[in-house]
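Inside the fold
Listed below are the residues making up each chain.
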Amino acid sequence: MCFSWLAVKKMAKSKQWSHLLPKGSQFIDGKLVSGDGDTHEVIYPATGEAFGTVHWAHDDEIAQAIDAAQKGYEIWRNTPLAERADILRETARLLREQNREIAELETLDTGKALQETLVVDIISGAQCLEYFAAQGAVQSGEQVSFSGEAGDWGYTRREPLGICVGIGAWNYPLQIACWKSAPALACGNAFIFKPAELTPYSALRLAQAYRDAGLPDGVFQVLQGDGAVGAKLVAHRQVAKVSLTGETATGTKILKSAADTIKNVTLELGGKSPLIIFEDADLDEAVGGAMLANFYSTGQVCSNATRVFVHEAIKDKFINKLVERTVALKIGDPMDEETQVGPLASAQHFKKVTAYLDDAPKQGKLLCGGEVPRIEGFEGGYWVRPMIVEVEDDRVPIAREEVFGPLLTLLTFSDEDDVVNRANATGYGLAAGIYTNDLTRAHRVIARLQAGTCWINAYNLTPIELPFGGYKQSGIGRENGKQAMDAYSQIKSVYVAMGPRVRTY
Ligand code: NDP
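Cut-offs and rules
Residues numbered from 1 in each chain as written. Predicted model: local features only at pLDDT ≥ 70, side-chain atom pairs only at ≥ 80, totals over all residues. Heavy atoms only, no water. Helix = DSSP H or I, 4+ residues; strand = E, 2+ residues; numbered from the N terminus. Rg over C-alpha atoms; globule rule 2.2 N^0.38 Å. Buried < 20%, exposed > 50% of the residue type's maximum accessible area, 1.4 Å probe, protein only. Contact = heavy atoms within 4.5 Å. Near = heavy atom within 4 Å. Polar contact = N/O pair within 3.5 Å; in protein donor to acceptor, adjacent residues only side chain to side chain. Nonpolar A, V, L, I, M, F, W, Y, C, P; charged D, E, K, R; others polar. Salt bridge = Lys/Arg side-chain N within 4 Å of Asp/Glu carboxyl O. Pairing = 2+ DSSP bridges. Axes fitted to C-alpha atoms, helices over the stretch in contact; angles between N-to-C directions. Expected span 1.5 Å × (residues − 1). Patch = residues over 30% accessible without salt bridge, like charges linked within 9 Å, V, L, I, M, F, W, Y side chains within 5 Å. Areas by Shrake-Rupley, 256 points an atom, 1.4 Å probe, with all protein chains shown as cover. Core = buried A, V, L, I, M, F, W, Y, C linked by side-chain atoms within 4.5 Å. 1 Å grid on protein atoms, 1.4 Å probe; cavity = no way out; pocket = protein on both sides within 12 Å on 5 of 7 lines; lining within 4 Å. Points joined across faces, edges and corners; volume = space filled by probe spheres on them.

Moving on: the overall build of the protein chain. Scanning the protein chain from N- to C-terminus turns up 17 helices and 22 strands. Taking 2.2 N^0.38 as the reference for a compact globule, 505 residues should give roughly 23 Å; the C-alpha atoms of the protein chain span a radius of gyration of 24 Å, in line with that estimate. Split into buried and exposed, the 505 residues of the protein chain put 58% on the buried side. Within the protein chain, counting contacts between residues at least 6 apart in sequence, those at least 24 apart form 74% of the total.

Looking at the ligand, there are 29 residues lining it, with Glu197, Thr250, Leu269, Cys302 and Glu402 nearest. A distance of 2.8 Å separates an oxygen atom of the ligand from a polar atom in the backbone of glycine 168. For the ligand, an oxygen atom lies 2.5 Å from a polar atom in the side chain of threonine 250. Of the residues assigned to the shell around the ligand, the class counts are 13 nonpolar, nine polar and seven charged.

This part takes up the side chain of glutamine 300. Mapped onto the elements of the fold, glutamine 300 is located in the loop between α11 (283-295) and β13 (307-311). Apart from residues no more than four positions distant in its own chain, glutamine 300 is found in contact with Trp170, Asn171, Tyr172, Pro343, Leu344, Ala345, His349 and Phe404.

It is possible for side chains of opposite charge to pair when their charged atoms get near one another. Evaluated as defined, the whole model comprises 29 salt bridges. A salt bridge links lysine 180 to glutamate 479; the shortest N-O distance between them is 3.0 Å. Of this pair, lysine 180 sits in helix α7 (residues 173-186) while glutamate 479 sits in the loop between β21 (475-476) and α17 (483-487), and the two are 299 residues apart along the sequence. Of the residues examined, glutamate 479 reaches a relative accessible area of 5% and is grouped as buried. Notably, a salt bridge pairs arginine 211 with aspartate 212, separated by 3.1 Å at the nearest N-O pair. Take arginine 211: its relative accessible area is 32%, and that puts it in the partly exposed class.

Once that is clear, we can look at the sheet that holds strand β18 (residues 431-435). Read across the open sheet, the seven strands follow the order β14-β15-β16-β13-β12-β18-β19; overall the sheet is mixed. Both edges of this open sheet fall to β14 (365-368) and β19 (453-456), since each of them pairs with a single strand only. Between one strand and the next, the sheet's axes are offset by a mean angle of 20°, whatever the strand orientation. Two elements, strand β15 (residues 387-390) and strand β16 (residues 407-413), share four bridges in a ladder whose sense is parallel. Counted as the bridge partner of glutamate 390 is leucine 410 from β16. This element, helix α16 (residues 439-448), spans β12 (274-277), β18 and β19 of the sheet and lies at about 165° to β19.

For the α-helix, the turn length of 3.6 residues means that residues three or four positions removed from each other point alike. Here helix α3 (residues 81-97) spans 24 Å end to end across 17 residues, near enough to the 24 Å set by a 1.5 Å rise per residue. Restricting attention to buried positions, one finds in α3 the residues Arg84, Ala85, Ile87, Leu88, Thr91, Ala92, Leu94 and Leu95. Along its buried surface, α3 packs onto α2 (59-76), α4 (99-110), α6 (121-137), α7 and α8 (201-213).

Here we take up the sheet that holds strand β6 (residues 153-160). Strand order in the open sheet formed by three strands is β5-β6-β22, with antiparallel pairing between adjacent strands. With partners counted over all chains shown, the strands left at the sheet margins are β5 (143-145) and β22 (489-496), one partner each. The average undirected angle you get between the axes of adjacent strands in this sheet is 25°. Judged from the three bridges that link them, β5 and β6 form a sheet pairing that is antiparallel. From the neighbouring strand, valine 144 faces β6, where its bridge partner is glycine 154.

A few words now on a nonpolar patch on the surface. On the surface, Val144, Phe146 and Tyr495 cluster together into a nonpolar patch covering about 260 Å² of accessible area. Within the secondary structure, tyrosine 495 sits in strand β22.

Core analysis: the biggest nonpolar cluster contains 100 residues, and Leu95, Phe132, Phe220, Ile277, Phe318 and Leu322 have the highest contact counts within it. In terms of residue count, the dominant contributor to this core is α7 (nine residues). Setting aside residues no more than four positions away along its own chain, phenylalanine 132 makes contact with Leu88, Ala182, Pro183, Ala186, Ile464, Asn480, Gly481, Ala484 and Met485.

Let's shift gears to empty space enclosed by the protein. Empty space among the atoms becomes visible once a probe the size of a water molecule is rolled across them. Counted by the stated rule, this structure contains three cavities of 30 Å³ or more. Counted as a void, the largest cavity has a volume near 60 Å³. For the largest cavity, the lining is made up of 15 residues, of which Pro274, Ala423, Tyr428, Ala431 and Gln450 are closest to its centre. Every element with two or more residues in the lining of the largest cavity is listed here: α15 (416-424), β17 (428-429) and β18. Across the lining of the largest cavity, the residue classes break down as eight nonpolar, five polar and two charged.

Located in the positive-phi region is aspartate 29, a residue other than glycine, with phi close to 55°. With respect to the helices, strands and loops of the structure, aspartate 29 is situated in the loop between β1 (26-28) and β2 (31-33).

Right, here's the structure in full:
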């Protein structure tokens, strides 16, 4: 088969995706709106070619969305809990039914291998909707007794906040939209989502699914745009809460802006997480965990453990297995279900990550990878091969800074106290993991790690039932689990007098 024939075949194939694209840019007041704001191309990271265009929301559209959200909120907050739960469950059913189509769209937007988006991105969104349908249906306040006069007592009501805004990153667009909107809607809020500018489409598919499931108009809306659109939503007086997934620097800006109107804020930010592999670990499991923690989604996962600390006693064996399995990873056409590694998400991100990869061999010993491969038929894409570098000094940039690409930094240790201190020596605190078969050591070490989300003998598994979020500069608040219901509701305390007061006035 000659190359030019292949290239023609790939180009023809990329044109086949137009049926997946929603016919509009914003989703306002129950309708897809084509929009007339600035036009921006949407790029398939595997080819570097545009496969769609969206209009960014302008000020009138933001105002329309806020008005519609206010109206929708008045209806939704008074909708019976069981009815709300039915709508969330039906949305989940629709997402599952459309899994392949939305997964393909997600792969086009992000470049992530279809092998991943087919089993994780949309399915985890559906699981989230199902979980919060159940949580929302049983939410309640408390009856409170106290030693008041004449048997007075109190109770609490869990009430929604109002209009909530979600601002997403580009690595898990649909999952992020679900993690934020499902608990918000379960609590009776209205929700406006701004996707990352690189990945605008799947949130529109979610909006269509909510609408088709019976969600009242205005309760879930999507506005496209860059950070400036996000900033306008954050500053808006009628917005009660903002939840961001993004970089720590963006979190700082949002927190500052939200302070002006005393908004409730949840921040899911960056990380530089540690994975500690003790000498008694199951080696094959630990190697698999380290790979998952660095190369899944081409290394573009916030909770990734990019600092892998391996005990001296098993270092050589660990490295041999790790390198052997890493070089065998299949990189290429993201729509081929055999492919394990897709491209990076954008030209700009490629520039940032390759700058780190180019410099990495000067900071440690290169064990494998880091090249920019030429993939036939995908020459314009943003490809890098997963890289492993052994580092002796924890202070070098690749061991300290968030690269957000497939770069595993390997460090060694021989003492438990020392490795815990080194693992904690970062301003981030999103996640951490350990591999050991020593039961007491596992729990002892986890208790000492400064991270909000931890794993023992596993990595990067995020069931919806467990809260997710960071310590230190990795964030504020939690998504998922019952805690997310607290993040999207407020408690009203009610004092009930059972008889006349003793007159003091
Ligand atoms: P950014 O912080 O650049 O962007 C996140 C979102 O915020 C985007 O929608 C962006 O718009 C928007 N935004 C940017 N500036 C502002 C502003 N001033 N006001 C309001 N909104 C703004 O992050 P990335 O999209 O580059 O995502 C990568 C980062 O996200 C990494 O640091 C990663 O660790 C983190 N992340 C954290 C996760 C977690 O759960 N803790 C999960 C996934 C990623 P635009 O796209 O137009 O720039």
